[in-house]
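Observations on chain architecture
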Amino acid sequence: MARRPILAANWKMQKTVPEALAFAADFLPRVKDAQADVVLAPPATALHALGQALAGSNVALAAQNVNPEAKGAFTGEISPDMLVDVGCGYGIVGHSERRTLYGETDEFVAAKAAALFARDIVPIVCVGESLEQREAGQTLSFVGGQIAGSLARIPSERAAEVVVAYEPIWAIGTGKTATPEMAQEVHAAIRGRLGELFGADGEAIRIQYGGSVKPENVVELMAQADIDGALVGGASLEPESFAAIALFDR
Ligand code: PGA
């Protein structure tokens, strides 16, 4: 099945509003003919301004996090409606930094993904093993469990729309990319698990690879059968570099 590639920038806790706007001014003309879905996830403070800068362009806006509750006494949190308000088309949930630094569980991630879908925002659901788990031979069973747990509340009629990001923790921000073959092995296992959960829709779900993706390695990663995109941290911070990734097929 032909799946449309999706390349997403995760800026994490980087870029002020002026920096985000300067990025957009440089980046948008570079990628106006991109044949893939291109997504920028700025910090929450820049969502509104960047959303306005992206309006009418071929680049979509994403949040890096969301709270599953609709409203209430949740100091510091941001609701799905607030993300609709600023024009988010996507929301990253379950990034390994949130799982490890802030104790987010599969159950919490599943609630976030369902809450985003309820507001017509597409969740990008992140999974990935630690170095210890890989060395113990637990990668496929651990990631398979994360997939089942984190997607447990996806409405089955919307399953084909969800985006999964496989990000081995040991490859994030370390310069150590999984080899394309290592990544493909896990992507194929994830595809199998998605088929068990969602039947034929599992073939339509796009699976991004993340972890030290850069212009130099994106082409060989994207050539793998079950790699449908990338979630990019460090190499997404400069317009030229992320544009080269978004235009990987040129
Ligand atoms: P990296 O981050 O590209 O800097 O490794 C990827 C991510 O954490 O999404």
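Please refer to the structure higher up on the page.
Here goes a summary of the coordinates provided.

Reading guide: rules and limits
- Residues numbered from 1 in each chain as written.
- Predicted model: local features only at pLDDT ≥ 70, side-chain atom pairs only at ≥ 80, totals over all residues.
- Heavy atoms only, no water.
- Helix = DSSP H or I, 4+ residues; strand = E, 2+ residues; numbered from the N terminus.
- Contact = heavy atoms within 4.5 Å.
- Near = heavy atom within 4 Å.
- Polar contact = N/O pair within 3.5 Å; in protein donor to acceptor, adjacent residues only side chain to side chain.
- Areas by Shrake-Rupley, 256 points an atom, 1.4 Å probe, with all protein chains shown as cover.
- Nonpolar A, V, L, I, M, F, W, Y, C, P; charged D, E, K, R; others polar.
- Pairing = 2+ DSSP bridges.
- Axes fitted to C-alpha atoms, helices over the stretch in contact; angles between N-to-C directions.
- Buried < 20%, exposed > 50% of the residue type's maximum accessible area, 1.4 Å probe, protein only.
- Right-handed = clockwise from strand over helix to strand, strands pointing away.

A look at the side chain of Gln133
- When you line up the elements, Gln133 lands in helix 6 (residues 131-135).
- In this structure, Gln133 is in contact with Gln138, Thr139 and Phe142, ignoring residues within four places of it in sequence.

A few points about the environment of Pro215
- Mapped onto the elements of the fold, Pro215 is located in the loop between strand 7 (206-210) and helix 9 (218-222).
- Apart from the residues lying within four places of it in its own chain, the contact partners of Pro215 are Ala235, Ser241, Ala244 and Ile245.

Notes on the site of the ligand
- Near the ligand there are 13 residues, and of these Lys12, His95, Glu167, Gly173 and Ser212 occur at the shortest range.
- Interatomic distance of 2.7 Å between a side-chain N/O atom of His95 and an oxygen atom of the ligand.
- In the environment of the ligand, an oxygen atom lies 2.7 Å from a nitrogen or oxygen atom belonging to the side chain of Glu167.
- A total of 290 Å² of accessible area belongs to the ligand in isolation, and the protein chains cover 95% of it.
- Of the residues belonging to the shell around the ligand, the class tally is 4 nonpolar, 7 polar and 2 charged.

Considerations on the sheet that holds strand 8 (residues 229-232)
- Around the barrel, 8 strands lie side by side as 1-2-3-4-5-6-7-8; this closed barrel has parallel pairing. Here the strands of the sheet are splayed against their neighbours by 25° on average, with no regard to which way each runs.
- Sheet analysis places strand 7 next to strand 8, joined by 3 bridges and oriented parallel. In the sheet register, Tyr209 faces strand 8, and the bridge partner there is Ala230.
- Lying on the sheet, helix 2 (residues 47-54) is in contact with strand 2 (37-41), strand 3 (59-63) and strand 4 (88-93); it crosses strand 3 at an angle near 165°.
- Of the strands in this sheet, strand 5 (122-127), strand 6 (163-166) and strand 7 are in contact with helix 8 (residues 180-198), which crosses strand 7 at around 150°.

Observations concerning the pairing of strand 3
- Across the 5 residues that make up strand 3, a large majority, 4, are buried.
- When strand 2 meets strand 3, the two strands line up parallel, connected through 3 bridges. Residue pairing in the sheet places Leu40 in a bridge with Leu61 of strand 3.
- With helix 2 bridging strand 2 and its parallel neighbour strand 3, the resulting β-α-β unit is right-handed.
- In terms of strand pairing, strand 3 meets strand 4 through 3 bridges, oriented parallel. By the bridge assignment for strand 4, Ala62 is matched with Tyr90.
- Taken together, strand 3, helix 3 (residues 80-85) and strand 4 form a β-α-β motif whose crossover is right-handed.

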